[in-house]
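Here is what each chain is made of, one letter per residue.
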2 protein chains.
Amino acid sequence: MLALLSLGLLALATRAVGPGPREGEGPRYDDQRRLIPPVGHERWVLVGASLGLGYAASRPAEGPGAFHRVYLEPRSFDAYLETGAFPEGTMLVLEIYRAATGAPPRRQGFYEGERLAVEVAVKDEGRFPGGWGYFDVTGGPAAPFAPSRCQSCHADHAATDHVFTQFYPRLRSTAGAP
Amino acid sequence: MLALLSLGLLALATRAVGPGPREGEGPRYDDQRRLIPPVGHERWVLVGASLGLGYAASRPAEGPGAFHRVYLEPRSFDAYLETGAFPEGTMLVLEIYRAATGAPPRRQGFYEGERLAVEVAVKDEGRFPGGWGYFDVTGGPAAPFAPSRCQSCHADHAATDHVFTQFYPRLRSTAGAP
């Protein structure tokens, strides 16, 4: 009985939020204008991995930092390769992993430990000032970060339309590749 | 005329090798028993990224090492999640990238520079002693590495059937995760 009740509540909760969008469906929001995490982003195209990547002028040394993986929704990836631009509705997912060292036979370097966070960048010009919104969906649907948290740095320093293509081998132009 | 001749030679060369296998088609070899690089592995499932990961007991310190990306063919990924085993014909691709630091606004950490190499692990029990063959396909079709180069370490230290699942968040069991 309790189990049935729990299932019922779970179904209600799922219905209230609605399922996240699948590949090619574009961003989806709930009735509080929160972004619903996309489904299956782990199968999107990985455009870049990094370790400890940081932009701050001063930061104390504190180990290797975290791994980042950045995925791009496949339809937007295709569009970018063809046109050099990110279409309306583009979503990129940033996964953050602890840098781990404990598993043999590792003796040097770092691999990905537990996943710490999942964030999403969405190009939705009708909705976000500047055209892009940024969300931490680690715990489920989320309101956008304040513009000062992500948007201004992306606007000022990202090589292509708020996206740090300079860090992504498949996206940066070979001419300008560092 | 020269351009036409070149195109003709290119077409001949392409025909001699044949196109690489697409997603879900399994490994393919040429008439010299060399592995033909699979097509489109960049859209397979990324199972792990690492930086400078090494297994040697003694190695001089020499910077951060290289980024590794490991991709698993999607049908084998599905099978592994369902059964915990890698089916015959499984292919994993290892991409190696230089660790780069030059592009602003980076101030800390490392991102992926140029791609240095593409290697493939293939499970083909009828063809390789131990069940797995390893290939460097950076330059095109390739004969397998000698068993001492890859196979013995994979056989001795990989957590699951010659695959280093201990380093791949989606593949390792949560119970045994370091």
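Here is what the cut-offs are and how they apply
Think of each chain on its own: its residues are numbered from 1, step by step along the sequence as written. Think of it this way: whatever chain is written first is A, whatever ligand is written first is 1, and the rest follow in order. Local features in a predicted model are, by the rule used here, given only for residues with pLDDT of at least 70; side-chain atom pairs are given and counted only at 80 or more, and totals for whole chains, interfaces and linings are based on all residues. For the side-chain quantities, the full set of heavy atoms in the structure was used; hydrogens and water were omitted. Note on conventions: DSSP H or I runs of at least 4 residues are helices, E runs of at least 2 residues are strands, and numbering of each starts at the N terminus. Categorising residues by exposure relies on relative accessible area from a 1.4 Å probe, with only protein chains included: less than 20% of the type maximum marks a residue as buried, more than 50% marks it as exposed, and the intermediate range marks it as partly exposed. Only heavy atoms enter the contact rule, under which two residues are in contact if any of them lie within 4.5 Å. For every accessible area listed, the method is Shrake-Rupley and the probe measures 1.4 Å; residues are considered covered only by the protein chains on display. The term buried area refers to how much accessible surface (probe radius 1.4 Å) is lost by two components on association, counted for both of them together. Within this document, salt bridges are pairs made up of a side-chain nitrogen of Lys or Arg and a carboxyl oxygen of Asp or Glu, the two lying within 4 Å of each other. Whenever two N or O atoms come within 3.5 Å, that pair is a polar contact, provided that in protein one can donate a hydrogen and the other can accept it, and provided that, for residues adjacent in sequence, both atoms are side-chain atoms. Here the term charged refers only to Asp, Glu, Lys and Arg, the term nonpolar to Ala, Val, Leu, Ile, Met, Phe, Trp, Tyr, Cys and Pro, and the term polar to all other amino acids, Gly among them. Pairs were defined over the aromatic rings of Phe, Tyr and Trp, the Trp ring being its six-membered one, requiring ring centres within 6.5 Å. Orientation was assigned from the angle between planes: stacked under 30 degrees, edge-to-face over 60, tilted for the rest. In this scheme, Lys NZ or Arg CZ marks a charge over a ring once it lies within 6 Å of the ring centre and within 35 degrees of the ring normal.

Some words on the overall build of chain A
Point 1. On a plain count of helices and strands, chain A comes out with three helices and five strands.
Point 2. Sequence-ordered secondary structure for chain A, helices as α and strands as β, is α-β-β-α-β-β-β-α.
Point 3. Relative to its 178 residues, chain A shows a buried fraction of 46%.
Point 4. Looking at chain A alone, contacts between residues at least 24 apart form 48% of all its contacts between residues at least 6 apart.
Point 5. Surface summary for chain A: the accessible area is close to 8900 Å², and the carbon and sulfur share equals 55%.

Re the interface of chain B and chain A
Point 1. Across the boundary between the two partners, chain B contributes 43 residues, which contact 43 residues of chain A.
Point 2. Overall, the association of chain B and chain A removes approximately 3600 Å² of surface from exposure, summing both partners, and the carbon and sulfur fraction of that is 56%.
Point 3. When the area that chain B buries against chain A is broken down by residue, the three leading residues are B:Arg43, B:Pro105 and B:Gln108, summing to 18%.
Point 4. If you look at where chain B meets chain A, you find two salt bridges.
Point 5. Where B:Arg43 meets A:Asp78, a salt bridge forms, and the shortest distance between an N and an O atom there is 2.4 Å.
Point 6. Seen at the junction of chain B and chain A, the total is 23 residue pairs in polar contact (both at pLDDT 80 or more).
Point 7. Elements supplying a minimum of two residues to the side of chain B that touches chain A: β1 (45-54), β2 (67-72), α2 (74-83) and β4 (108-123) of chain B.
Point 8. At 10 residues, the largest contribution of residues to the side of chain B that touches chain A is made by β1(B).
Point 9. Grouping the constituent residues of the side of chain B that touches chain A by class yields 23 nonpolar, nine polar and 11 charged.

Notes on the packing of aromatic side chains
Point 1. Summed over all chains, the structure comprises 16 aromatic pairs over all chains.
Point 2. When the centroid spacing of 4.4 Å and the interplanar angle of 20° are considered together, the rings of A:Tyr80 and A:Phe86 count as stacked.
Point 3. Look at A:Tyr80 and you get buried, because its relative accessible area is 9%.
Point 4. Measuring from ring centre to ring centre gives 5.6 Å for B:Phe128 and B:Phe135, while their planes differ by 65°; the resulting arrangement is edge-to-face. Here B:Phe128 and B:Phe135 have matching classes, each one buried.
Point 5. Grouping aromatic residues by their ring pairs yields a cluster made of A:Tyr55, A:Phe164, A:Phe167 and B:Tyr111.
Point 6. Seen from the ring of B:Tyr29, B:Arg127 lies directly overhead, with NZ or CZ sitting 3.5 Å from the centre.

The values are spatial; any link to function lies outside them.
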